[in-house]
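Here are the chains, one letter per residue:
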Amino acid sequence: MKYNDRDITKVWIDLDDTLIDFTTNAHTSLVKMWHDEPCLRQYFDTPEIWARTYEEHNIALWAEYNVGNITRQYLRMERFLRPLTQAGMPDDEARTTSARFDTLYLDYLAREKALMPGAIGLLRYLRTQNVTIGILSNGFKEVQFRKIQSAGLEPYIDIVVLSDDIGINKPDIRIYHHAMQRVDDLDPTHHLMIGDNPDTDIAGAIRAGWSAIWYHPAQRGAATAPPHGATGTSDLTEISKIITP
């Protein structure tokens, strides 16, 4: 398969908000939690208020986690602790509740199945091109494999590489080198990254010498110019026209 005159034999795809509609699935999970958990209904008047408050803290914490400023354990506790204490829950109760919510939320999330438009079509196209299809994700191992199974993606995926495997997140180029080692192909020109995050998925891939396609879903707002060295698209179905047999 060709991309910019390179022979691509390995295609790596980010999971959340590239193949799986994480934004939708996470919001649905948070709303279900509000309906099932009396303490959430006590401190948050509506499921939308709870979901919005959680999401604000979670996004900020993930930005810190992706660049290595905080640990995964800190993120997983704080993303619940902060909205709960902000709403007025006593600290001791909030800490106990946050630990419980961490597992509960991941269980809800793993059962959701919404995909990004065109995800299956892209995977089916890649399967015809005789390339290795890999997932390269910063997500937590406790839930990523379950999400792949729930969404029906397992038959299309040859290998899954997670930041949890080595304790290093995208965009650190070491996780890209680790991915190359996992498929026994250390030539970066053979590797293509498809992802929605320009600062993690795409920037790291380019620094590692890979090719990169930045996916910016149309429903998430107006796109800026793609990162230097990458091609941009708002439609996964267009990728089959960007990469050629």
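The structure contained in this document is the topic of the report that follows. (Residues numbered from 1 in each chain as written. Predicted model: local features only at pLDDT ≥ 70, side-chain atom pairs only at ≥ 80, totals over all residues. Heavy atoms only, no water.)

1. Some thoughts on the packing of helix 4 (residues 72-86) against helix 5 (residues 91-111)
Working step 1: Close contact between helix 4 and helix 5 brings their axes to 8 Å; oriented N to C, the two are set at 130°. Classified by the interaxial angle, the pair formed by helix 4 and helix 5 is oblique. Seen along the crossing, helix 4 lies across helix 5 with a hand that is right-handed. Each of Arg76, Met77, Arg79, Phe80, Leu81, Leu84 and Thr85 in helix 4 lies in contact with helix 5, whose residues at this interface are Asp91, Ala94, Arg95, Thr97, Ser98, Ala99, Phe101, Asp102, Tyr105 and Leu106.
Working step 2: The residue inventory of the contact of helix 4 with helix 5, partitioned by class, reads nine nonpolar, three polar and five charged. (Axes fitted to C-alpha atoms, helices over the stretch in contact; angles between N-to-C directions. Helix = DSSP H or I, 4+ residues; strand = E, 2+ residues; numbered from the N terminus. Parallel < 35°, antiparallel > 145°, perpendicular 65-115°, else oblique. Left-handed = near helix turned anticlockwise from the far one by under 90°. Contact = heavy atoms within 4.5 Å. Nonpolar A, V, L, I, M, F, W, Y, C, P; charged D, E, K, R; others polar.)

2. A look at the environment of Arg207
Working step 1: Looking at the secondary structure, you find Arg207 in helix 9 (residues 198-207).
Working step 2: Sequence-wise, Arg207 and Asp172 are 35 residues apart; in three dimensions their C-alpha atoms are separated by 8.8 Å.
Working step 3: Apart from the residues lying within four places of it in its own chain, the contact partners of Arg207 are Pro171 and Ile173.

3. Comments concerning the side chain of His178
Working step 1: Within the fold, His178 resides in helix 8 (residues 173-182).
Working step 2: Exposure remark for His178: the relative accessible area of 16% places this residue in the buried category.
Working step 3: What His178 contacts, discounting residues up to four positions off in sequence, is Val161, Asp165 and Ile166. (Buried < 20%, exposed > 50% of the residue type's maximum accessible area, 1.4 Å probe, protein only.)

4. So, the nonpolar core
Working step 1: Among the nonpolar cores identified, the biggest contains 31 residues, and Val11, Ile13, Leu126, Leu153 and Ile243 are the most heavily contacted of them.
Working step 2: For this core, the secondary-structure elements that each account for two or more residues are strand 3 (10-13), helix 6 (119-127), strand 4 (132-137), strand 5 (159-162), strand 6 (191-195) and strand 7 (211-215).
Working step 3: Sort the elements by how many residues they give to this core and helix 6 lands first, with five residues.
Working step 4: With near-sequence residues (within four places) excluded, Leu153 lies in contact with Leu15, Leu19, Ile20, Leu115, Ile120, Leu123 and Ile148. (Core = buried A, V, L, I, M, F, W, Y, C linked by side-chain atoms within 4.5 Å.)

5. A few points about the pairing of strand 4
Working step 1: The buried fraction of strand 4 amounts to five of the six residues, a majority that puts the element mostly inside the structure.
Working step 2: Across four bridges, the pairing between strand 3 and strand 4 is parallel. Paired with Val11 across the bridge in strand 4 is Ile133.
Working step 3: Bridge count between strand 4 and strand 5: four bridges; the pairing is parallel. Bridge pairing in strand 5 places Leu136 opposite Val161.
Working step 4: In this region the chain leaves strand 4, passes through helix 7 (residues 141-150) and returns to the parallel neighbour strand 5; the handedness of that crossover is right-handed. (Pairing = 2+ DSSP bridges. Right-handed = clockwise from strand over helix to strand, strands pointing away.)

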